[in-house]
Amino acid sequence: HYSLLQRTAEGDLVEVCSALGLGLLPWSPLAGGSLSGKYLGGSSPPGSRFALFAERYARFNTSRVQQAVAEYVRIAAEAGITPSQLAYAWCRSRWFVSSTIIGATTMEQLQENLATFITPSSSSSSGNSGSGSSGSSSSEGGIVLPPNVIAAIEEVHLRMRNPALVD
């Protein structure tokens, strides 16, 4: 697993991959959907992973994870993008990530997630282009997080390091 909530791969694994000329392919970059923000406040929508597989995804539903996710949701809102787009764009910004596995249950989720990597045509744009000095930029290649957004993410990580890890 590799996501905003579990960054342990940034140690030895990244070094080994780099030495061997390999990229990292993050599994579960939305941390079971928790980084979408839909589970904040104990919400567990019917048919969601947390509702169907509560025990399997329990590590993504702790109070530490909830606190971190709330911070990432705030950062995403300030950047003018969705929380899911923030999580995917952050993975994409890592120099050692060669590609990212995305997941979606609905067509709407798929379109939102794909917009992180490619800019939709103006006729199908959802308005999340992320304009403004503190927001993300959207180019032909998708969403690129500016340094201030990366810095905000790092600040959260330093305060709440790897909250999805269970002791």
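Residues numbered from 1 in each chain as written. Predicted model: local features only at pLDDT ≥ 70, side-chain atom pairs only at ≥ 80, totals over all residues. Heavy atoms only, no water.

**Q** Would you take a moment to explain the layout of surface pockets for this structure?
**A** Space left empty within the atom packing is revealed by a probe, the size of a water molecule, rolled over the atoms. As a volume, the largest pocket reaches approximately 490 Å³. Put simply, the parts of the chain that give the lining of the largest pocket at least two residues each are helix H4 (83-93) and helix H5 (107-114). Top contributing element to the lining of the largest pocket by residue count: H5, with four residues. Of the residues contributing to the lining of the largest pocket, the split by class is ten nonpolar, eleven polar and six charged. (1 Å grid on protein atoms, 1.4 Å probe; cavity = no way out; pocket = protein on both sides within 12 Å on 5 of 7 lines; lining within 4 Å. Points joined across faces, edges and corners; volume = space filled by probe spheres on them. Helix = DSSP H or I, 4+ residues; strand = E, 2+ residues; numbered from the N terminus. Nonpolar A, V, L, I, M, F, W, Y, C, P; charged D, E, K, R; others polar.)

**Q** What is the right way to look at the side chain of His-157 in this model?
**A** In this structure, His-157 sits in helix H6 (residues 147-159). Here His-157 is in contact with Arg-7, Tyr-72 and Asn-162, once residues within four sequence places are set aside. (Contact = heavy atoms within 4.5 Å.)

**Q** For this particular structure, what's the right way to read empty space enclosed by the protein?
**A** Applying the stated criterion to the full structure yields one cavity of 30 Å³ or more. Its residues placed into classes, the lining of the largest cavity shows five nonpolar, three polar and one charged.

**Q** So what exactly am I meant to see when it comes to the nonpolar core here?
**A** The tendency in soluble globular proteins is for nonpolar side chains to be buried as a group. In this structure, Leu-5, Leu-35, Tyr-72, Leu-86, Leu-145 and Ile-153 are the most contacted members of the largest nonpolar core, which totals 35 residues. Among the elements of the structure, helix H3 (63-79), H4 and H6 are those that each provide at least two residues to this core. Beyond its immediate sequence surroundings of up to four residues, Tyr-72 is in contact with Leu-4, Leu-5, Leu-35, Leu-86, Ile-153, Val-156 and His-157. (Core = buried A, V, L, I, M, F, W, Y, C linked by side-chain atoms within 4.5 Å. Buried < 20%, exposed > 50% of the residue type's maximum accessible area, 1.4 Å probe, protein only.)

**Q** Please explain the side chain of Gln-66 as it appears in this structure.
**A** When you line up the elements, Gln-66 lands in helix H3. For Gln-66, the contacting residues outside a window of four places in its chain are Tyr-39, Leu-40, Gly-41, Gly-42 and Asn-61.

**Q** Looking at this structure, how should I read a nonpolar patch on the surface?
**A** Taken together, the side chains of Val-16, Leu-20 and Leu-22 present a nonpolar region at the surface, about 300 Å² in accessible area. Within the secondary structure, Leu-22 is located in the loop between helix H1 (12-19) and helix H2 (49-52). (Patch = residues over 30% accessible without salt bridge, like charges linked within 9 Å, V, L, I, M, F, W, Y side chains within 5 Å. Areas by Shrake-Rupley, 256 points an atom, 1.4 Å probe, with all protein chains shown as cover. Salt bridge = Lys/Arg side-chain N within 4 Å of Asp/Glu carboxyl O.)

**Q** I keep staring at the packing of aromatic side chains and nothing clicks. Help me out?
**A** Here a ring pair, both rings aromatic, is described through the centre-centre distance and the interplanar angle of the planes. Taken as a whole and judged by the stated rule, the model has four aromatic pairs. Arranged with centres 6.0 Å apart and planes meeting at 55°, the rings of Tyr-88 and Phe-117 form a pair that is tilted. Linking Tyr-88 in helix H4 with Phe-117 in the loop between H5 and strand E1 (137-139), this pair joins segments that are 29 residues apart in sequence. Classification of Tyr-88 as buried rests on a relative accessible area of 2%. Taking 5.3 Å as the distance between ring centres and 90° as the angle between the ring planes, the aromatic pair formed by Trp-95 and Phe-96 counts as edge-to-face. Residue classification places Trp-95 among the exposed positions, given a relative accessible area of 64%. By the ring-pair criterion, three or more aromatic residues cluster together here, those being Tyr-2, Trp-90, Trp-95 and Phe-96. (Phe/Tyr/Trp six-rings, centres within 6.5 Å; stacked < 30°, edge-to-face > 60°.)

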